[in-house]
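Chain and residue survey
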Amino acid sequence: MSGEDLVLDTAIRDWVLIPLSVVMVLIGVLRYFVSKLMRSYQAPDQKVVRDGQVILRAGHLRAGANFIPPKTFYSRRTYFTNEENGILHVPKGQAQNAQAQMFSDPNMAVDMMKKNLSMIIPQTLTFAWVNFFFSGFVAAKIPFPLTQRFRSMLQNGIDLSTVDVSYVSSRSWYFLNLFGLRGLFSLILGEENATDDAQRMMQMSGFGFDPAKNLSAEKDSIDILQHDWALPKFEKRAEAVLRRIVS
Amino acid sequence: MVGAAEEVHLNRLESQVENGGGGAWEYLCLARKLKVRRSDKVLKFGLPILNDPRARSKLGGEEWTLYEQVAIAAMDCQQIDIAKDCITTLLKRFPGSTRVGRLNGMLSEAKGEFAEAERVYEQILEKNPLDQAIQKRKVAMAKARGDLSAAVELLNKYLEIFMADYDAWRELAEIYVSQQMYKQAAFCYEELILFQPTVPLYHLAYAEVLYTMGGLENLQTAKKYYASTIDLTGGQNTRALYGVCMCAFAISQLAKGRSKEQESADLQSLAAEALLKEYKQRAPDKVAILTATLRGMKLIS
């Protein structure tokens with residue numbers, strides 16, 4: 001490794017570094033608008049909405065059970081959990097798993113494909129474009145030294161172990177832009193823009209959600225609930241409060 | 001519900017804007033966040049912003065929210081023309097939007113054209129049958145037309161699906177009380193107590209419904225809920241103090257002659273004393289009436 005610096009041509013800055021960044025930004029903006037166009041409004045399913053609400057209400061029943069009279073509590077418990085038509089009771093066999101439901105609903109599959117396509121196609125194209133025109137040379141230099149471990153990150157596409165790590169290859173510059181522009185996008189496109197890939201990944205992983213399982217879990221915890229009416233205690237407490245006021 | 005601190009803040013902002021101190025936009029944002037109904041002020045402060053293109057463009061995307069807010073305020077003040085202008089602008093910007101469609105329906109409502117509003121709402125519901133705001137509008141409309149049984153029916157249908165919407169439960173409870181359907185109202189208040197067990201207002205309302213229904217068991221339960229209201233409010237609620245006294249009196253009347261379980265008489269006499277103390281402090285001229293009443297109920301000697 002020699003002590004002298006590599007001098008980068010200013011033409012590289014003008015014709016590689018800046019165009020690459022500008023193109024990445026423009027593609028990001030374009031993707032945002034295209035995905036906005038393709039986004040289809042999906043009406044929520046009545047059953048799914050209702051299940052969510054049932055679970056919420058059952059949770060409140062569980063938390064506040066001791067504050068209502070015993071009779072009313074038991075009638076509610078029957079309403080929620082009885083084996084014939086309790087609203088938390090899921091008949092056997094009807095508990096289809098979410099995976100199957102997803103495949104049986106073509107809309108959902110199409111929607112996911114659209115999302116994926118709008119993510120993958122532009123990325124493949126830009127990567128091919130960068131590879132074709134700008135592969136294999138140094139495009140920039142970062143103003144601080146780095147350790148060898150960063151070589152694979154910053155000098156992707158150049159197989160030289162003698163170049164100082166602070167030099168950035170053009171392909172690496174592409175990757176840095178790809179992942180680093182999110183902040184800029186949220187600045188110019190508003191907070192919740194569609195280009196946020198990380199968020200999309202999170203959504204995808206949420207697909208394992210199974211409402212039937214939640215319902216029966218809630219049913220079990222209501223079934224074992226002990227009712228201990230809290231109100232009789234309140235009479236004593238109220239007496240104490242009033243004594244303090246009167247005296 | 002608006003907390004006391006927020007209300008103070010809102011009132012301070014209001015007088016600040018009123019006296020030319022600026023901050024109109026902050027006031028409008030706060031009013032929207034707290035969902036308070038001060039339509040005259042919202043209209044008065046919001047309209048100048050909308051009429052001033054420079055101030056308007058400064059808001060960016062919030063501009064359209066302001067249009068909506070001012071439109072609703074204008075309807076509330078029967079300034080139909082202003083509301084119409086706002087909605088036309090919104091419609092130009094968001095054609096086919098459900099939210100603007102709702103405003104259109106509300107405009108018809110404000111003009112008293114209920115059939116037309118009904119048609120608009122039905123159209124929206126056809127596209128999206130689970131639109132909560134529209135379903136609530138329909139309930140409000142039924143109520144405005146005085147058709148309370150229809151309102152009850154609509155609310156029940158709504159709660160069938162959105163059963164965790166406690167504002168709707170509350171509305172239903174109040175309608176039931178006004179219709180003297182106390183059993184149903186009691187059920188709704190039970191739901192509300194389950195939802196927020198520490199809000200004394202629900203305990204008080206539940207106790208009142210139970211007391212109205214009467215019967216020994218209900219009265220005893222009502223007394224317990226009045227007691228919990230006293231505990232939760234720290235004895236500051238006069239209505240609950242009265243409630244305990246009334247329940248105790250009614251129970252003693254009903255249980256007369258029967259093998260009555262000896263209940264502690266402490267609570268009601270303490271409540272009576274607390275009432276007397278409060279009246280002596282705040283309304284000394286009415287103490288005599290109160291004393292007579294309580295003596296009649298044999299709560300003080």
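For chain B, an unreviewed UniProt entry supplies the name ER membrane protein complex subunit 2 and the organism Spirodela intermedia. Of the comments in the UniProt record for chain B, the one headed Subcellular location (unreviewed entry) reads "Endoplasmic reticulum membrane".

The name given to chain A in an unreviewed UniProt entry is ER membrane protein complex subunit 3, with the source organism recorded as Spirodela intermedia. UniProt, in the comment section headed Subcellular location (unreviewed entry), describes chain A in these words: "Membrane". UniProt lists a comment for chain A under the heading Sequence similarities (unreviewed entry), and it reads "Belongs to the EMC3 family."

**Description of the layout of surface pockets**
All names here are of chain B. Put simply, the largest pocket is a space of about 2000 Å³. Lining the largest pocket are 44 residues, and of these Lys35, Arg37, Arg102, Met106 and Arg137 sit closest to its centre. Elements that contribute at least two residues to the lining of the largest pocket include exactly α2 (24–34), α3 (39–51), α5 (62–76), α7 (98–111), α9 (132–144), α10 (148–161) and α11 (166–178). Considering each element in turn, the lining of the largest pocket owes the most residues, 8 residues, to α9. Of the residues that constitute the lining of the largest pocket, the class distribution is 22 nonpolar, 5 polar and 17 charged.

**Notes on the interface of chain B and chain A**
Every contact between the two is made by 39 residues of chain B and, on the other side, 36 residues of chain A. For the pair chain B and chain A, the summed buried surface comes to about 3400 Å²; carbon and sulfur atoms form 66% of the total. Contact with chain A buries surface across chain B, with Met163, Leu194 and Lys224 of chain B losing the most and accounting together for 19% of the total. Scanning the region where chain B abuts chain A turns up 5 salt bridges. In this structure, glutamate 191 of chain B and arginine 76 of chain A form a salt bridge, with 2.8 Å as the shortest nitrogen-oxygen distance. Connecting chain B to chain A are 11 residue pairs in polar contact (both at pLDDT 80 or more). At the level of secondary structure, the elements contributing two or more residues to the side of chain B that touches chain A comprise α10, α11, α12 (182–195), α13 (200–213), α14 (216–233) and α16 (266–282) of chain B. The element contributing the most residues to the side of chain B that touches chain A is α14 of chain B, with 9 residues. For the side of chain B that touches chain A, a count of residues per class yields 21 nonpolar, 7 polar and 11 charged.

**Some details on the pattern of salt bridges**
The final tally for this structure, using the stated rule, is 29 salt bridges over all chains. Residue aspartate 51 of chain A is joined to lysine 47 of chain A by a salt bridge in which the shortest nitrogen-to-oxygen separation is 3.1 Å. Within this pair, aspartate 51 of chain A and its partner lysine 47 of chain A are both found in helix α2 (residues 46–64), separated by 4 residues, close to a single helical turn. For aspartate 51 of chain A, a relative accessible area of 9% gives the class buried. Between glutamate 7 of chain B and arginine 38 of chain B there is a salt bridge, with its nearest N and O atoms 3.6 Å apart. With glutamate 7 of chain B in helix α1 (residues 4–18) and arginine 38 of chain B in the loop between α2 and α3, this residue pair connects regions lying 31 residues apart in the sequence. Assessed through its relative accessible area of 18%, arginine 38 of chain B is described here as buried. Ionic contacts of the salt-bridge type, sharing partners, join the residues Arg57 and Arg76 of chain A together with Glu190 and Glu191 of chain B into one network.

**So, the nonpolar core**
Counting residues in each nonpolar core, the largest one holds 79 residues, and the members touching the most others are Leu242 of chain A together with Tyr225, Ile230, Cys245 and Leu294 of chain B. Tallying contributions element by element places α16 of chain B first for this core, with 8 residues. Not counting residues within four places of it along the chain, the set of residues in contact with tyrosine 225 of chain B comprises Phe67, Ile68, Pro69, Trp229 and Leu231 of chain A together with Ile193, His203, Tyr206, Ala207 and Leu210 of chain B. Leu13, Ala71, Met75 and Ile134 of chain B belong to the second-largest nonpolar core, a separate cluster that totals 40 residues.

Reading the values: the criteria
Residues numbered from 1 in each chain as written. Chains lettered and ligands numbered in written order. Predicted model: local features only at pLDDT ≥ 70, side-chain atom pairs only at ≥ 80, totals over all residues. Heavy atoms only, no water. UniProt positions renumbered as here; feature names shortened; annotations may be inferred. 1 Å grid on protein atoms, 1.4 Å probe; cavity = no way out; pocket = protein on both sides within 12 Å on 5 of 7 lines; lining within 4 Å. Points joined across faces, edges and corners; volume = space filled by probe spheres on them. Helix = DSSP H or I, 4+ residues; strand = E, 2+ residues; numbered from the N terminus. Nonpolar A, V, L, I, M, F, W, Y, C, P; charged D, E, K, R; others polar. Contact = heavy atoms within 4.5 Å. Buried area = accessible area lost by both parts, 1.4 Å probe. Salt bridge = Lys/Arg side-chain N within 4 Å of Asp/Glu carboxyl O. Polar contact = N/O pair within 3.5 Å; in protein donor to acceptor, adjacent residues only side chain to side chain. Buried < 20%, exposed > 50% of the residue type's maximum accessible area, 1.4 Å probe, protein only. Core = buried A, V, L, I, M, F, W, Y, C linked by side-chain atoms within 4.5 Å.

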